[in-house]
Structures are given as structure tokens and as C-alpha cells.
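Below, each chain spelled out in residue letters.
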Amino acid sequence: MNNNNNQHSQDSTASNKINGARKILFIDRDGVLVKEPPITYQLDSFDQLVFYPNVFKYLGKIAAEFNFELVMVTNQDGLGTASFPENTFLPIQNLLVNSLKNEGIHFSDIYIDKTLPEQNAPTRKPGVAMLSKYFNNPDYDLVNSFVIGDRITDMQLAKNLGAKGIWLNTDESKGAAEVNTTIEALRKEVIVLESLDWKDIYEFLKSPDRKVQHDRITNETKIKVNINLDGKGNSSISTGLPFFDHMLDQLARHGNIDLAIECKGDLHIDEHHTIEDTGLALGEAMVKALGDKRGIERYGYLLPMDDCLAQVAIDFGGRNWIVWEAEFKREKIGDMPTEMFFHFFKSFSDAAKCNLNIKASGDNEHHKIESIFKAFAKAIKMAVKKDINNDSLPSTKGVL
Ligand SMILES: [Mg+2]
């Protein structure tokens, strides 16, 4: 399963109640609902009909649990011509639609384009001519809708609709001649999930990536934070303080979160505002990314690093507090004043509204702070871990 870098705003969780505009799953047929017959790619006899594994179970759960409208969009090349008569297509299509309907999977609309690729018809995917009713229509929320398909043309369709793409990619070259965007660009802009398993699709729709972009601008610092709590540990940190960058890099890597921080601070004065405000901006971004905190944990971590032992316990319980037991004798490590270590974590706990309990012992000062950042990262990783089968808040108060 591969979650790509696509913005998924916090209000777009699939489990939202209907609030006005409807979200749609535009679902391809062949290669998605049923296996695509090899060689001819044409499903025109019952002995070729094989439903896609898990489609009944997980599309059934999607239909039952979420408020998506289901719309089938399929290209059936040359349907109605001598090589693909309607009477070889329709009985299979009817069986397919009725079988899914019996499991609670009902398509509100079914769009079938019958043209051949060389006709370049605007109705043929990735063209959107059949789907014009969804455009500029306040009844539909295309931005938070998805196209689920097995060809790159389906992903181009998602782009053309202004929706997102879920790609059951078995062969990148299929349909590649019919798109005007590179696969890399579609991956960056449109594709939010690549998987061949309907279970992954269900889980993704149930729990989309917790991603935010957060800007914090004052007269002293201009900070841009991008955070993905469900990332892979990728980081891009630039605060103007290489040692601080190195520490924040630990947070991404050991926390398994994607983190990009760009801070332009008043370093000509000193390091203070840059470090303090980065802590605040990071904490604010964390609050946004955590959203309603359903299904998260509250945790801590203990780790040794050579001569040092660091322990960090964290609770995103909605109140700020910090306990800090770590002494530093040197004035600076790298370009970072050691008195600012406490200040960074204090700022973070204030802004993230979390309790932080940090203790570290040891002799080597570099090891000591690095082990604190690593334990902080591990504690965050555990604390923000989301159990998708648990929709409850980790609190008896009903709010965090
Ligand atoms: Mg297909």
C-alpha cells in the first residue's frame, strides 16, 4: 500500500455525515469490480466473469458505512459493433450490477462509453463529457470525491474532474497514450493511494492521511510547516540552524512522520525566536493534524544512546504542561544554545496542548539532546498512532 503526497483536508473524512454536497466514488468496471479478461480486455462471455477479490466485502462496507454516492464509469471499446455486440455485454453487465446490488452496493448512475480510442471522443475516459452534470453543481463535492480505476486514464479522469485518484495499477503502460499528464505528475497531484486490495481502499477511505500545512508569521519569524502524521519519515528542515535541523530531522525519521519546516527567523539578533517559534508552529500544526483525536493513543518512550538515557512521555490530552529534568553544562551544542532546548519543548507543549515529561541523564551533551529528540519522536509516533477500528476518544471526558 502506498499513500502518496496529496493534500487531504481535515474536513474530508469519508465518515462525515452528509452536510450538503455529496461526495462521489467514480468507479471503473473492468479491472476494479471484475477482473479484466487478458488479451481482448473484453468481457463478453460468462466463463470470463470473475469478480475482483474482496469487492463484495469491502465495497459493501464502504456503501454501508460511508456517505459516498457510487457512480460507475466504464469504457467499453466498440460496444454495439460486430466485434462486441450488445447482446454479449448486457447479460453480464446485468448480472454484475444485480449481484453487487444484492450486497448493498447500488450505483446511482452508470456511464458507458462505447467508442474506440482512435475516435478521440470527449465521452471516453479520461474525457468528462458524460459527467457534465457533476460540474459546477453545488449538490456535488468533487474535491472530496475519488475515481477508483486500474488504468492511468482513470487517474487522468480524476484530475479532469478535480477529484482524487485511487489506482489499482497492474500495468502502467495500459492507456498511457491517452493521457496528457506524466505518471509522476499524477502521483504528485492526484493519486492518493495505490493498491490492488479493496481492503486497503476501505481502510484509506475510513482513515485518510492526517496532513496539514501550517504557516506562522510574526515580525520575528516566518515559518511554514507541512506535516503528515501518516507519512514515511521523510523530512526537509531548514531553520538556519544546522544543529536544530539535525534534531528536527530525528523527529521525522524516528517518528515516522513526514515533516517539512522552513523557518526564516531573525538570526541576526540571536537564535531565540527561531527556536521558540518553531516549537510553537510545530505544536500548532500538530493540533491541526490530530484533528478530533479519535482512535489515538497516549504514550511515552525510553531509550539509551551510548552513555545517555532519555525518557519522554507525552499526552495530547488538551492541556499544556512540561516537566524537564535534563541538565546541560555547555553553553551551546553546534549553533544551538542549550538553554533553548527546554524552551523549544515548552513552546511545543504550550501550542500542542500536550503534557510532556522529559528526563535525561548522561555525560555527552550531544548524545543527551539527540536521545531526547529521538525519544520524543518515538513517543509521538506511538501517541498519534491511529487504530482505525477504534473510533473512540482516549478519554472518559468525551473531549480531548
Ligand atoms: Mg479498467
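Residues numbered from 1 in each chain as written. Predicted model: local features only at pLDDT ≥ 70, side-chain atom pairs only at ≥ 80, totals over all residues.

**Student:** An account of the domain arrangement of the chain is needed here, citing residue identities and associated values.
**Tutor:** Partitioning the chain into structural domains gives domain 1 (2–206) and domain 2 (211–384). A straight line from the C-alpha centre of domain 1 to that of domain 2 covers 42 Å. (Domains from an automatic or database assignment.)

**Student:** Account for the nonpolar core, naming residues and giving values.
**Tutor:** If you look at the biggest cluster of nonpolar residues, it comprises 54 residues, and the most contacted ones within it are Ile227, Ala285, Val312, Ile314, Ile372, Phe376 and Ala379. Elements represented by at least two residues in this core include exactly β9 (221–228), α6 (242–255), β11 (258–265), α7 (272–290), β13 (308–315), α8 (339–352), β17 (355–361) and α9 (365–384). With 10 residues, the top contributor of residues to this core is α9. Dropping the residues within four chain positions of it, Val312 is found in contact with Gly300, Tyr301, Ile358, Ile372, Ala375, Phe376 and Ala379. Formed by 42 residues, the second largest nonpolar core is a distinct cluster that contains Leu33, Leu43, Leu142 and Val147. (Core = buried A, V, L, I, M, F, W, Y, C linked by C-beta atoms within 7 Å. Buried ≥ 20, exposed ≤ 12 C-beta atoms within 10 Å, placed from the backbone. Helix = DSSP H or I, 4+ residues; strand = E, 2+ residues; numbered from the N terminus. Contact = placed C-beta atoms within 7 Å.)

**Student:** With reference to specific residues and values, describe the sheet that holds strand β10 (residues 235–238).
**Tutor:** Strand order in the open sheet made by the 4 strands is β8-β9-β11-β10, with mixed pairing throughout. What marks the edges here is a single partner per strand, and that holds for β8 (211–217) and β10. Neighbour-to-neighbour, the strand axes of the sheet open up by a mean angle of 5°, direction not taken into account. Note: β8 against β9, 7 bridges, orientation antiparallel. Paired with Arg216 across the strands is Ile223, a residue of β9. (Pairing = 2+ DSSP bridges. Axes fitted to C-alpha atoms, helices over the stretch in contact; angles between N-to-C directions.)

**Student:** How would you sum up the pairing of β9? Please name residues and give values.
**Tutor:** On a regular strand, one side chain projects to one face of the sheet and the next to the other, so that they alternate. The buried count for β9 comes to 6 of 8 residues, which makes it a mostly enclosed element. Here β8 folds back onto β9 in antiparallel fashion, the turn holding 3 residues. By the bridge criterion, 8 bridges tie β9 to β11 in an arrangement that is antiparallel. Looking at the pairing, Asn228 lines up with Asp258 of β11.

**Student:** Quick rundown of the sheet that holds β13? Include the residues and the values.
**Tutor:** In spatial order, the strands read β12-β13-β17-β14; together these 4 strands make up an open sheet with mixed pairing. Each end of this open sheet is capped by a strand with a single partner; those strands are β12 (299–305) and β14 (321–325). Pairs of neighbouring strands in the sheet enclose a mean axial angle of 5°, with direction left out of account. For β14 and β17, the ladder comprises 5 bridges, and the chain directions are parallel. What sits directly across from Trp324, in β17, is Ile358. The sheet contacts of α9 involve β12, β13 and β17, and relative to β12 the element is tilted by about 150°.

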